[in-house]
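Report on the structure
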Amino acid sequence: MKKSALQIARASYQPKLPKALKGQVSIKEGTPTESVADQAEIKKLFPNTYGMPVISFEPSNESKNYPAVTAGVILSGGQAPGGHNVIAGLFDGLKAINKNSKLYGFLLGPAGLIEHNYIELTSDIIDEYRNTGGFDIIGSGRTKLETVEQFDKGLEIIKQLGIQALVIIGGDDSNTNACVLAEYYKKINAGVQVIGCPKTIDGDLKNEMIETSFGFDTACKVYSEVIGNIQRDCNSAKKYWHFIKLMGRSASHIALECALQTQPNICIISEEVEEKNMSLDNVVTYIADIVAARAAEGNNFGTVLIPEGLIEFIPAMKKLIAELNDFLAKNGNEFAMIKKSEQRNYIINHLSPENSAIYASLPEGVARQLSLDRDPHGNVQVSLIETEKLLSEMVGKKLAEMKSEGKYTGKFAAQHHFFGYEGRCAAPSNFDADYCYSLGYTASALIAEGKTGYMSSVRNTTKPAEEWIAGGVPVTMMMNMERRHGEMKPVIQKALVKLDDAPFKYFASQRETWAKNTCYVYPGPIQYFGPTEVCDQPTITLVLEAQGK
Ligand code: FBP
């Protein structure tokens, strides 16, 4: 395969590891843990993996001989920069434990385990993928690993290959399922450990013990580079309002981080919209008022960041989507048989009067997008809903009304962008390259210590990598009970943007200035080689969170 000069130089980058993982390792175990909520229920559901201590690894002089380990690895869900380095770190860690260790990769996500599709990951393969973006080394997929039949089917190939430990690299749902799997294999004495790794560009798998999910850093830096470029263009021509939707299926962490990096005129935070019980019209009016205020100063241009998940956080839209989800789950087959041109009316005629009226008021394109196929978790695929166009169209209408009332005299021309897939497979930043390699290496240490039901954790990440703290967090510790598709289930709590945390508070303190004045920041591309203050910086979110503690 032909490689660029940067790829060749990048291949030889040696990710930085925490001090504790560089040589012999000793394990330090804390006191028994409790789940974040619903302790009695979670304990009952996970009798074999509940209450385990938090683990940290420390440097040691004592040399230990570990037997060779055969492990398997799965990439689950959406791509995130650094996944290949998790696998490289795991591979190198397993080989450091015992050079005869082996690693198998299951293909195209959890389906590879159930369908027995795998490859052995040799050093030649691993070397091809070090420090590269993407998940193409073994591929990823969104099959949910959740039934006993699937677990048993997986166990067949696990036994056949002699696998003793499985590492599942995924988001909150995949790690929840990893814990269910760990519990099941322990219960039936299968002799298979299961370790999770926190992945998702969305940044919503984080808590007291997991500072950030991997991929968030790189994805935000890529989006911020392009937002910065758009802002330069915008400030040069001074004739467009750019509506930029940013990925993040639910939480607005990406939009918030990109706002902190680029200082746009407007950034909507879904969690705030929900908290303030704002309607779609309230959001539109908020934007239109800023457009008008800038126009009054002669500035008919600007940038608006919109989180992908916004639509589901507007309380009225949330209700509509919930009813649509139920309705399509029950009547999906009948709906699919209806002519495309009649589907809109079919929905309008079948929803409750309140939701029907909201649905009917939506532009045709958005209404159609809301009725598209759900993802495997039954959710609306928000990446397919063009919220950026919906908002700019409605802002345009609102401004026309304001003009007729003499409240606005400017010109409004909009451009639309959606940044999501562009950042998910980018070459990992130094932060993600180091963090991911450390997460994988830590997973190997947890395996060597015979642990199961743990998530690999690397903390203290605003400090130089040397000082990072590697260890493991029992997955049950992060769980609570939530209603999912009509049933109460144990799940890892999804971390939404907290309005009383430092990153949002800082943004809120600045946004009026950013709206009125033009204070754009142009972060430029990720730098891989150069001074540490340019190349190794974590996200502003992480820095502000660490300062706020
Ligand atoms: P994960 O949570 O699985 O990492 O994926 C998140 C995400 O990138 C969202 O930001 C986006 O809404 C979604 O995946 C898109 O999914 P798909 O890749 O299936 O189109």
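Quick caveat, the model's predicted, so the values are computed rather than measured.

1. Let's talk about the overall build of the protein
On a plain count of helices and strands, the protein comes out with 22 helices and 15 strands. Taking 2.2 N^0.38 as the reference for a compact globule, 549 residues should give roughly 24 Å; the C-alpha atoms of the protein span a radius of gyration of 24 Å, in line with that estimate. With the principal axes as the frame, the protein shows a C-alpha extent of 80 × 55 × 50 Å. A total of 549 residues make up the protein; the buried ones form 57% of that total. Long-range contacts, defined here as pairs at least 24 residues apart, represent 78% of the contacts in the protein between residues at least 6 apart.

2. Concerning the sheet that holds strand 9 (residues 266-267)
Judged by pairing direction, the sheet is parallel, and its four strands sit side by side in the order 9-10-8-11 without closing on themselves. Two strands bound the open sheet, and with one partner strand each, they are strand 9 and strand 11 (414-419). Where helix 9 (residues 253-262) meets the sheet, its contacts fall on strand 8 (241-246), strand 9 and strand 10 (302-307), and the angle it forms with strand 10 comes to roughly 155°. Sheet strands touched by helix 11 (residues 280-296): strand 8, strand 9 and strand 10. Its angle to strand 8, the strand with the most contacts, is close to 145°.

3. Comments concerning the sheet that holds strand 5 (residues 118-120)
Sheet architecture is open: nine strands sit in the order 1-2-13-12-7-6-3-4-5, paired in mixed fashion. Edge positions in the sheet fall to strand 1 (25-29) and strand 5, since each of these pairs with one other strand and no more. Looking at each pair of strands side by side, their axes are set apart by 25° on average, direction ignored. Sheet topology places strand 2 (residues 55-59) next to strand 13 (residues 469-474); two bridges connect them, and they run antiparallel. Bridging across to strand 13, S56 finds its partner in G471. Against the sheet, helix 19 (residues 430-448) contacts strand 2, strand 3 (70-75), strand 6 (165-170), strand 7 (193-198), strand 12 (454-459) and strand 13, and its axis sits at roughly 135° relative to strand 12.

4. Observations regarding the packing of aromatic side chains
Tallied over the full model, the rule gives 14 aromatic pairs. In textbook terms, an aromatic cluster arises when at least three aromatic residues are bridged by ring pairs, as seen for Y104, F106 and Y118. When the ring centre of F418 is taken as origin, the NZ or CZ atom of K245, which lies over that ring, is 4.2 Å away.

5. A short note on the domain arrangement of the protein
Assigned domains within the protein: domain 1 (67-215 + 428-484) and domain 2 (220-424 + 502-548). Here the C-alpha centroids of domain 1 and domain 2 sit 32 Å apart. Listed per partner, the contact involves 20 residues of domain 1 and 23 residues of domain 2. Across the domain 1/domain 2 interface, buried area totals approximately 1800 Å², and carbon plus sulfur atoms make up 56% of it. Contact with domain 2 buries area across many residues of domain 1, yet I201, D202 and N430 alone supply 29% of it, more than any other trio. The tally of links from domain 1 across to domain 2 stands at one salt bridge. For K206, the salt bridge goes to E545, with nearest N and O atoms at 2.6 Å. One can count four residue pairs in polar contact (both at pLDDT 80 or more) joining domain 1 with domain 2.

6. Re the site of the ligand
Near the ligand, the surroundings consist of 13 residues, among which G78, D202, E308, Y421 and R424 are the closest. The side chain of T200 places a nitrogen or oxygen atom 3.0 Å from an oxygen atom of the ligand. Separating an oxygen atom of the ligand from a side-chain N or O atom of R424 is a distance of 2.8 Å. In isolation the ligand exposes 480 Å². Once the protein is present, 81% of that is buried. Classifying every residue of the shell around the ligand gives three nonpolar, four polar and six charged.

7. Remarks on the environment of K43
Looking at the element boundaries, K43 is found in helix 2 (residues 39-45). Along the chain, K43 and T476 lie 433 residues apart, while their C-alpha atoms are 8.3 Å from each other.

8. Quick look at the environment of A427
By secondary structure assignment, the location of A427 is in the loop between helix 18 (421-424) and helix 19. Between the C-alpha atom of A427 and that of P81, which follows or precedes it by 346 residues, the distance is 6.3 Å. Setting aside residues no more than four positions away along its own chain, A427 makes contact with N131, G133, T218 and Y528.

9. What about the pattern of salt bridges?
One pass over the structure, following the stated rule, counts 23 salt bridges. Here E146 makes a salt bridge to K144, at a shortest N to O gap of 3.7 Å. Taking the relative accessible area as the measure of exposure, E146 reaches 37% and is therefore partly exposed. Here K276 ties to E272 by a salt bridge, and the two come within 2.8 Å at their closest N and O atoms. What you see here is one network of salt bridges that share partners, running through K16, D434 and D536.

Criteria and thresholds
- Residues numbered from 1 in each chain as written.
- Predicted model: local features only at pLDDT ≥ 70, side-chain atom pairs only at ≥ 80, totals over all residues.
- Heavy atoms only, no water.
- Helix = DSSP H or I, 4+ residues; strand = E, 2+ residues; numbered from the N terminus.
- Rg over C-alpha atoms; globule rule 2.2 N^0.38 Å.
- Buried < 20%, exposed > 50% of the residue type's maximum accessible area, 1.4 Å probe, protein only.
- Contact = heavy atoms within 4.5 Å.
- Pairing = 2+ DSSP bridges.
- Axes fitted to C-alpha atoms, helices over the stretch in contact; angles between N-to-C directions.
- Phe/Tyr/Trp six-rings, centres within 6.5 Å; stacked < 30°, edge-to-face > 60°.
- Lys NZ or Arg CZ within 6 Å of the ring centre and 35° of its normal.
- Domains from an automatic or database assignment.
- Buried area = accessible area lost by both parts, 1.4 Å probe.
- Salt bridge = Lys/Arg side-chain N within 4 Å of Asp/Glu carboxyl O.
- Polar contact = N/O pair within 3.5 Å; in protein donor to acceptor, adjacent residues only side chain to side chain.
- Near = heavy atom within 4 Å.
- Areas by Shrake-Rupley, 256 points an atom, 1.4 Å probe, with all protein chains shown as cover.
- Nonpolar A, V, L, I, M, F, W, Y, C, P; charged D, E, K, R; others polar.

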